[in-house]
Amino acid sequence: HWGVRETTRKDFGVHDFVLQWQDRILDQLLSSVTLKRMHDAELKAPSDTDVMTTAELLQRLTKAIFSEVETTKEGDFTNRKPAISSMRRNLQRSYLEELSKLALGSSNAPQDCQTVAYAELANLQQRVKSLLDNQPVASKLDAYSRAHLQESSARIAKVLDARFQLPTPSR
């Protein structure tokens, strides 16, 4: 406990430790300051220069973090050998929360980032639904992965719906 607080666990919380570092990295990559700087860099660099754009960042993060949506095929998945590991599910939940905040305009990120985040959520929801609608694959999913994908799809739907009901903040 290092003299800071009383511990309730006697063992090491692996999930919490890993998620803490995953969150730190996501916070840095998706901070409004980082996104504003990247967005400005797109404008400052000559158009023939290859510069990583904010749209590319969000697309690449979504593709990498939710790679199982594309790569999960028929298999013998069990709760002990899930299609999406517990560490990856935690990362995906965390990323989904950050992407949702962006899409809802809950940050000072550029508005282009907000619209790209919205589009990424809509695209991700279609891919998740496609996986869940694929009966040969969906029927073989473990309980954890199936529930995670169903919950993720439902959360995305709420964010997409809320976007039309909430006014975007003015600058």
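Bear in mind the structure is a predicted one, so any value in this text is a computation, not a measurement. (Residues numbered from 1 in each chain as written. Predicted model: local features only at pLDDT ≥ 70, side-chain atom pairs only at ≥ 80, totals over all residues. Heavy atoms only, no water.)

Moving on, we get to the confidence of the model for the protein. This prediction gives the protein a mean pLDDT of 90; 90% of its residues lie at or above 70. Model confidence for the protein, summarised as mean pLDDT per element, is weakest for helix α7 (residues 135–138) at 86 and strongest for helix α3 (residues 54–65) at 97. (pLDDT = per-residue confidence, 0-100. Helix = DSSP H or I, 4+ residues; strand = E, 2+ residues; numbered from the N terminus.)

The subject of this paragraph is the packing of aromatic side chains. For the structure on display, the rule yields one aromatic pair. Seen from their ring centres, F66 and Y95 are 6.5 Å apart, and the 50 degrees between their planes marks the pair as tilted. Residue F66 is located in the loop between α3 and α4 (67–71), and its partner Y95 is located in helix α5 (residues 86–103); the two are separated by 29 residues in the primary sequence. When sorted by exposure, F66 lands in the same class as Y95, which is buried. (Phe/Tyr/Trp six-rings, centres within 6.5 Å; stacked < 30°, edge-to-face > 60°. Buried < 20%, exposed > 50% of the residue type's maximum accessible area, 1.4 Å probe, protein only.)

Its location among the elements puts D142 in the loop between α7 and α8 (143–165). Look at D142: it is buried, it has no salt bridge, and the nearest opposite charge is R89 at 4.7 Å. Reaching out from D142, the side chain makes a polar contact with the backbone nitrogen of S145 at a distance of 2.8 Å. Filtering out sequence-adjacent residues up to four positions away, D142 remains in contact with F77, T78, N79, P82 and A83. (Lys, Arg positive; Asp, Glu negative; His and termini not counted. Salt bridge = Lys/Arg side-chain N within 4 Å of Asp/Glu carboxyl O. Polar contact = N/O pair within 3.5 Å; in protein donor to acceptor, adjacent residues only side chain to side chain. Contact = heavy atoms within 4.5 Å.)

Turning next to helix α6 (residues 111–133). Here α6 spans 33 Å end to end across 23 residues, near enough to the 33 Å set by a 1.5 Å rise per residue. Every buried residue belonging to α6 is among C113, Q114, V116, A117, E120, L121, L124, Q125, R127, V128, L131 and L132, and all of these are buried. (Expected span 1.5 Å × (residues − 1).)

A few words now on α5. Under the 1.5 Å per step criterion, the end-to-end length of α5 is 25 Å for 18 residues, consistent within 8% with the ideal 26 Å. Those residues of α5 not exposed but buried are R89, N90, L91, Q92, S94, Y95, L96, E98, L99, S100, L102 and A103. With its phi angle positive at about 75 degrees, G105 sits one or two positions after the end of α5.

What follows covers the packing of α3 against α5. With their axes 10 Å apart at the nearest point, α3 and α5 run at an angle of 155 degrees to one another. The angle between α3 and α5 places the two elements in the roughly antiparallel class. Pair α3 / α5 crosses with left-handed handedness. On α5, the residues touching L58, L61, T62, A64 and I65 of α3 are R88, L91, Q92, Y95, L99 and L102. (Axes fitted to C-alpha atoms, helices over the stretch in contact; angles between N-to-C directions. Parallel < 35°, antiparallel > 145°, perpendicular 65-115°, else oblique. Left-handed = near helix turned anticlockwise from the far one by under 90°.)

Bringing the pattern of salt bridges into the picture now. With the rule as written, the count across this model stands at six salt bridges. R88 is paired through a salt bridge with E68; the nearest N and O atoms lie 2.7 Å apart. One end of the pair, R88, is in helix α5; the other, E68, is in helix α4, with 20 residues separating them in the sequence. Overall, R88 belongs to the partly exposed group, its relative accessible area being 22%. Overall, E68 belongs to the buried group, its relative accessible area being 10%.

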